[in-house]
Amino acid sequence: MIKQLAAVICLAATIAACTPSSNGTQSGADSTKTASNAPVDSANAPVMKFETETHDFGKIKEGDNVTYEFKYTNTGKTPLIISDAYATCGCTTPEISKDPIAPGAASTVKVTFNSAGKQGLQDKVITIVGNTVPANNRVHLTGEVLAKAAKPDVK
C-alpha cells in the first residue's frame, strides 16, 4: 500500500512539474510571452518580415568568406527590439542593430560565413531573438564549399 501511495505521489509531482502554471498575467489566447518573458499582445507585437529567408551563396572555395545582409521590415504595430542573434556554428557570425526598429521601418541582419575547414553543402541557420511572437525568427545561409586545389609537389 505504501509503495502504491509513493508511486501516485511521484506521478502527481511529475505531472505538476510538466504542466505550465498560470500566474494570471496572460489575458487569453491573444497574449503570449517573448524572449524577455514579458507578456505581449500578439495582435500588436512587432513582426520581422524578411525579403528572403534563405540566401544561396553558390559555390566557393574552402577558406573563402562570404557576407550577406538579410533585409527585413517591421510590419507590426510596435517597435521591434532584437535582443540576440546566433548561428548554428562558430563559422557563421551574425551582426545586428540593438536600436529599436519602428513599425514600417527596415533594417538588416549582416551574416558572415567563414568556410575555413568546411567542405560540401552548407546550411547555416541564423536565429534572431526579439520581442516578436514567436520570439525566434530564423534565416538560412546555404551554398557549397569546394575543396582547395592541391598544391603540386615540387621536387
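Residues numbered from 1 in each chain as written. Predicted model: local features only at pLDDT ≥ 70, side-chain atom pairs only at ≥ 80, totals over all residues. Heavy atoms only, no water.

Engineer: So what about the sheet that holds strand 5 (residues 65-74)? Which residues, and what values?
Structural biologist: With antiparallel pairing, four strands are arranged side by side in an open sheet as 3-5-8-7. Either end of the sheet is taken by a strand with one partner, and the two such strands are strand 3 (48-50) and strand 7 (92-95). Across the sheet, the axes of successive neighbouring strands diverge by a mean angle of 30°, strand direction being ignored. Pairing of strand 7 with strand 8 (residues 106-114) involves four bridges; the strand directions are antiparallel. Looking at strand 8, one finds that glutamate 95 is bridged to lysine 110. (Pairing = 2+ DSSP bridges. Helix = DSSP H or I, 4+ residues; strand = E, 2+ residues; numbered from the N terminus. Axes fitted to C-alpha atoms, helices over the stretch in contact; angles between N-to-C directions.)

Engineer: Tell me about the pairing of strand 8, and name the residues and values.
Structural biologist: The alternating pattern of strand 8 places Ser107, Val109, Val111 and Phe113 on a buried face and Ala106, Thr108, Lys110, Thr112 and Asn114 on a face that is not buried. Pairing of strand 5 with strand 8, which is carried by nine bridges, proceeds in the antiparallel orientation. Bridge pairing in strand 8 places lysine 71 opposite threonine 108. (Buried < 20%, exposed > 50% of the residue type's maximum accessible area, 1.4 Å probe, protein only.)

Engineer: Please provide a residue-by-residue account of the state of the cysteines, values included.
Structural biologist: In total, this model carries one disulfide according to the counting rule given. Here cysteine 89 pairs with cysteine 91 through a disulfide, and the sulfurs are 2.2 Å apart. Residue class for cysteine 89 comes out partly exposed when judged on its relative accessible area of 21%. (Disulfide = S-S within 2.5 Å.)

Engineer: Talk me through the pairing of strand 9 (residues 120-130); I want residue IDs and the actual numbers.
Structural biologist: Where burial is concerned, most of strand 9 is hidden: eight out of the 11 residues are buried. When strand 6 (residues 82-87) meets strand 9, the two strands line up antiparallel, connected through five bridges. Across the sheet, alanine 85 pairs through a bridge with isoleucine 128, a residue of strand 9. As paired elements, strand 9 and strand 10 (residues 136-146) share 10 bridges and run antiparallel to each other. Counterpart to leucine 121 in the pairing with strand 10 is glutamate 144.

Engineer: Run through the packing of aromatic side chains, naming residues and quoting values.
Structural biologist: Tallying each qualifying case throughout the model produces three aromatic pairs. With a centroid separation of 5.6 Å and an interplanar angle of 55°, the aromatic rings of phenylalanine 50 and tyrosine 72 are classed as tilted. Of this pair, phenylalanine 50 sits in strand 3 while tyrosine 72 sits in strand 5, and the two are 22 residues apart along the sequence. An identical accessibility class is assigned to phenylalanine 50 and tyrosine 72; each is buried. Judged by centre distance (5.4 Å) and plane angle (25°), the ring pair of phenylalanine 57 and phenylalanine 113 falls under stacked. Linking phenylalanine 57 in strand 4 (residues 54-61) with phenylalanine 113 in strand 8, this pair joins segments that are 56 residues apart in sequence. (Phe/Tyr/Trp six-rings, centres within 6.5 Å; stacked < 30°, edge-to-face > 60°.)

Engineer: Break down the sheet that holds strand 6 for me, citing the residues and quoting the values.
Structural biologist: Taken in spatial order, the four strands line up as 4-10-9-6 in an open sheet, and their pairing is mixed. Both edges of this open sheet fall to strand 4 and strand 6, since each of them pairs with a single strand only. When the angles between neighbouring strand axes are averaged without regard to direction, this sheet yields 20°. Across six bridges, the pairing between strand 4 and strand 10 is parallel. The partner of lysine 61 across the bridge, within strand 10, is leucine 146.

Engineer: Go over the nonpolar core, please, and point to the residues and values.
Structural biologist: Ranked by internal contacts, the top residues of the largest apolar core, which has 20 residues, are Met48, Phe50, Tyr72, Phe113 and Ile128. Only strand 3, strand 4, strand 5, strand 6, strand 8, strand 9 and strand 10 provide two or more residues apiece to this core. When neighbours within four sequence positions are excluded, tyrosine 72 is seen to be in contact with Met48, Lys49, Phe50, Leu80, Ile82, Ile101, Ala105, Ala106, Ser107, Thr108 and Val109. (Core = buried A, V, L, I, M, F, W, Y, C linked by side-chain atoms within 4.5 Å. Contact = heavy atoms within 4.5 Å.)

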